[in-house]
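# Working through the structure, step by step
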Amino acid sequence: MITVSVCVGSSCHIKGAPQIIERLQQFIASYDLWNQVELKGVFCMERCTQGVTIEIGGEVFSAVDVVAAEELFRTMVLVPLGFDSSEA
Ligand code: FES
């Protein structure tokens, strides 16, 4: 199980966290990863000035937008799970 946490604190919410969560849900659905990926919202990760913050498999990334989240999901989730991420 790979855990993907997206900060849903107010600063990250304003900067686009809901759109990132929506996109990640689409990824999880299209690859049917509900049993392999846990997507959750977490409260402020204390990097508010650095844009949306997400954590994947214990690594924290800041200033994430939808495009960056897609790329992180490919490299940090799809590839380790053995998927061909080029089709996402
Ligand atoms: S609100 Fe997301 S890091 Fe603070």
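This write-up is about the structure you can find in this document. What you are looking at is a predicted structure, and each value in this text was computed from that prediction instead of being measured.

## Concerning the overall build of the chain
- A count of helices and strands for the chain gives three helices and four strands.
- In the chain, the succession of α and β elements from N to C terminus is β-α-α-β-β-β-α.
- Projected onto its principal axes, the C-alpha positions of the chain cover 35 × 20 × 20 Å.
- Residues classed as buried in the chain amount to 23% of the 88 residues present.

## Quick look at the sheet that holds strand 1 (residues 2-7)
- Strands sit in the order 2-1-3-4 across an open sheet of four strands; the sheet is mixed. For this open sheet the edge positions go to strand 2 (37-42) and strand 4 (59-61), each flanked by a neighbour on one side alone. Ignoring which end each strand starts from, the neighbouring axes of this sheet average 20° apart.
- With six bridges connecting them, strand 1 and strand 2 associate as parallel partners. Each residue of the ladder has a partner; that of Ile2, found in strand 2, is Val37.
- On top of the sheet, helix 3 (residues 66-78) reaches strand 1, strand 2, strand 3 (54-56) and strand 4; it is set at about 15° to strand 3, its chief contact.

## Examining the environment of Gly16
- Structurally, the position occupied by Gly16 is in the loop between helix 1 (10-14) and helix 2 (17-30).
- Sequence separation between Gly16 and Ala63 is 47 residues; the distance between their C-alpha atoms is 10 Å.
- Apart from residues no more than four positions distant in its own chain, Gly16 is found in contact with Val52, Asp65 and Val66.

## Considering unusual backbone geometry
- Positive phi outside glycine occurs at Asp32, with the angle close to 50°.
- Residue Ala63 is not a glycine yet carries a positive backbone phi of 55°.
- Among the secondary structure elements, Ala63 is positioned in the loop between strand 4 and helix 3.

Rules used throughout
Residues numbered from 1 in each chain as written. Predicted model: local features only at pLDDT ≥ 70, side-chain atom pairs only at ≥ 80, totals over all residues. Helix = DSSP H or I, 4+ residues; strand = E, 2+ residues; numbered from the N terminus. Buried ≥ 20, exposed ≤ 12 C-beta atoms within 10 Å, placed from the backbone. Pairing = 2+ DSSP bridges. Axes fitted to C-alpha atoms, helices over the stretch in contact; angles between N-to-C directions. Contact = placed C-beta atoms within 7 Å.

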